[in-house]
Amino acid sequence: MEKTIERLIYANRWLLTPIYLGMSFALMALAIKFFQELYHFIPAILSMEENQLILKLLTFIDLTLVGSLTIIVMFSGHDNFVSRLDIAEGTEKLSWLGTHDDSSLKMKVASFIVAVSSIHLLKVFMNVEQIVNDKLTWYVLIHITFMLCAFLMGYLEKLKQ
């Protein structure tokens, strides 16, 4: 009876597979949004002010970072928690695949959140004259909170080792 229950519990890891598959649909949605932004961006390049150009490029960087994080979580999560990815011999393999455990995956997510928050904060600062002071204070406090959380997570991981 005990072995049957253990096998059943262990087999439940496969319930994560549809979730990781769903992340690939989220990645497609992100790609569509990226190209939609690019479609609106290209005709306006010549008439765009420098600040607007920088803000738009930061948006592209933001979308790219979120897409990269999605790939890392999708592949590493499946590799760690469901099943090793069987990649055919001779097929290009991502160098980082199989190197992220759950701790390093959490740190990647935390650092990506700080990076995305930094980009958002930079966008806010570039339009600072249009932002109410109370909102600006909240943006900075939230960003500092993200940074402190990422730092504390890293510190706690270091203590575990």
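All of these numbers come straight from a predicted model, not from anything done at the bench.

Rules of the game
Residues numbered from 1 in each chain as written. Predicted model: local features only at pLDDT ≥ 70, side-chain atom pairs only at ≥ 80, totals over all residues. Heavy atoms only, no water. Salt bridge = Lys/Arg side-chain N within 4 Å of Asp/Glu carboxyl O. Helix = DSSP H or I, 4+ residues; strand = E, 2+ residues; numbered from the N terminus. Buried < 20%, exposed > 50% of the residue type's maximum accessible area, 1.4 Å probe, protein only. Phe/Tyr/Trp six-rings, centres within 6.5 Å; stacked < 30°, edge-to-face > 60°. Core = buried A, V, L, I, M, F, W, Y, C linked by side-chain atoms within 4.5 Å. Contact = heavy atoms within 4.5 Å.

Chemist: Explain the pattern of salt bridges here, please?
Modeler: Think of it this way: side chains of opposite charge can pair up when their charged atoms draw near. With the rule as written, the count across this model stands at 4 salt bridges. We note a salt bridge from Glu-157 to Lys-160, for which the minimum N-O separation is 3.5 Å. You can see Glu-157 and its partner Lys-160 sitting in helix H5 (residues 133–160), 3 residues apart, about one turn around the helix. Look at Glu-157 and you get buried, because its relative accessible area is 15%.

Chemist: Would you mind going over the packing of aromatic side chains with me for this structure?
Modeler: Two numbers describe a pair of aromatic rings. These are the distance of the centres and the angle of the planes. The final tally for this structure, using the stated rule, is 3 aromatic pairs. Taking 5.4 Å as the distance between ring centres and 80 degrees as the angle between the ring planes, the aromatic pair formed by Phe-34 and Phe-35 counts as edge-to-face. Relative accessible area serves as the criterion here: at 22%, Phe-34 is assigned to the partly exposed category. Ring geometry for Phe-41 and Phe-60: centres 5.3 Å apart, planes at 80 degrees, overall edge-to-face. Taken as a pair, Phe-41 in helix H2 (residues 17–41) and Phe-60 in helix H3 (residues 50–81) lie far apart in primary sequence, 19 residues in all. The same class applies to Phe-41 as to Phe-60, namely buried. Taken together, Phe-34, Phe-35, Phe-41 and Phe-60 form an aromatic cluster joined through their ring pairs.

Chemist: Is there a simple way to think about the nonpolar core in this case?
Modeler: Formed by Leu-69, Ile-72, Val-73, Leu-105 and Phe-112, the largest nonpolar core amounts to 5 residues. Only H3 and helix H4 (102–126) provide two or more residues apiece to this core. Per-element tally for this core: the top contributor is H3, with 3 residues. Beyond its immediate chain neighbours, meaning those up to four positions away, Phe-112 contacts Leu-65, Ser-68, Leu-69 and Ile-72.

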